[in-house]
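# Report on the structure
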Amino acid sequence: MRTLREISALRETLGDARRRGERIALVPTMGNLHDGHLALVAAARERADVVIATIFVNPLQFGAGEDLEAYPRTLEEDQARLEAAGCDLLFAPDTTTLYPRGLEAQTRIVVPEVSEGLCGASRPGHFDGVSTVVGMIFNLVQPDLACFGEKDYQQLAVIRRMVADLHFPIEIVGVPIVRAEDGLALSSRNGYLSPEQRAIAPRLYATLCELREGLEAGSAPSALLEQGRTRLEEAGFEPDYLELRAADLGPATTATREAVLLAAARLGTTRLIDNLTLTLPR
Ligand code: PAF
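The structure reproduced in this document is the subject of the present report. Computed from a predicted model, the values in this text were never measured in an experiment. (Residues numbered from 1 in each chain as written. Predicted model: local features only at pLDDT ≥ 70, side-chain atom pairs only at ≥ 80, totals over all residues. Heavy atoms only, no water.)

## Side note on the environment of Pro28
For the record, the criterion: Put simply, DSSP H or I for four residues or longer makes a helix, DSSP E for two residues or longer makes a strand, and each gets a number counted from the N terminus. The classification of residues rests on relative accessible area computed with a 1.4 Å probe and restricted to protein chains. Under 20% of the type maximum is buried, over 50% is exposed, and intermediate values are partly exposed. Contacts are assigned to residue pairs that have any heavy atoms within 4.5 Å of one another.
Mapped onto the secondary structure, Pro28 falls in strand S2 (residues 24-29). Given the relative accessible area of 15%, Pro28 is considered buried. Taking the C-alpha atoms as reference points, Pro28 and Phe56, separated by 28 residues in sequence, lie 8.2 Å from one another. Those residues in contact with Pro28, other than ones at most four positions away along the chain, are Thr54, Cys147 and Phe148.

## Side note on the sheet that holds strand S4 (residues 89-91)
Put simply, the test is: Strand pairing is defined by DSSP finding a minimum of two bridges between the two strands. Convention adopted: a line fitted to C-alpha atoms gives each axis, helices being fitted over their contacting stretch, and angles between N-to-C directions are expressed from 0 to 180 degrees.
The strand order S1-S4-S3-S2-S5-S6 describes an open sheet built from 6 strands, whose pairing is parallel. Every other strand in the sheet has two partners, leaving strand S1 (2-4) and strand S6 (171-175) as the edge strands with one partner each. On average, each strand axis in the sheet is inclined to that of its neighbour by 25°, with strand direction left out of account. With 6 bridges joining them, S2 and strand S3 (residues 50-55) adopt parallel strand pairing. Bridge pairing in S3 links Val27 to Ala53. Set on the sheet, helix H2 (residues 35-47) makes contact with S2, S3, strand S5 (145-149) and S6; between it and S5 the angle comes to about 155°. Strands S1, S3 and S4 of the sheet are contacted by helix H3 (residues 75-84), whose axis makes an angle of about 165° with S3.

## Brief notes about unusual backbone geometry
Glycine aside, the phi torsion of most residues is negative, and most peptide linkages are trans. With phi around 50°, Asn32 is a residue other than glycine that occupies positive phi space. Position of Asn32 among the secondary structure elements: in the loop between S2 and H2. Overall, the relative accessible area of 18% leaves Asn32 in the buried class. For Leu118, which is not glycine, the phi dihedral falls at a positive 50°.

Any functional reading would require information that these geometric values do not contain.
Here is the structure:
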């Protein structure tokens, strides 16, 4: 696997692949790779001739007081894991390569509506940072398809909307959440949890499962969501949101069948997110 740092080398290498008629799959990441990322690489590998991953801890998507400085940078381990997973190329630019005029002066992509509410409400500007960097990487790599994890459900919806609105000729593949044996969704931020917090963390998924069971049995959402919030608080979480939405993130109404439960909650200073799709009864 080759690691490329510069845009010129990236364009040259991918230009050669494209001239050979090869299908290119992209896996954008911020590094500190775990099995969830490797599932993205496997999904990409199944669908393309050339798999390219990117590692870039994107300052534009971190708010003031968030974990930009602390975010784990583990390039050597990541390179070894990507290579073992069958990745062909890694693009790992530094910040001045992607944002040469600085963050303030950077042209941005804003995806209205779907970026608002949920994580968008508690992390203002976060999805503008995500859509800007992903749009930029799409433009640099020009892949045939790109793989994203379904754990970041709202992020995936934002990217799908951006691709539709800006007419990027790129297929977006959503890859199911990879969970630890106790149900905790894998995330680079799980590494921040103390052993005590790590023991509590699977209660987030367990609560979503309990809510799904109740909703599928026909219980009223508002009372169940209130109970779910209380259960999370009792377990030691500080819930940020716990919501039932239509699968496209529109409001869940009595006509909604395909739906999603979404949660974000803090354990100490670590913010965890998770979601579960479900079919509501008629
Ligand atoms: O999901 C992530 O790791 C990041 O938000 C992404 C999509 C790589 C953009 O920086």
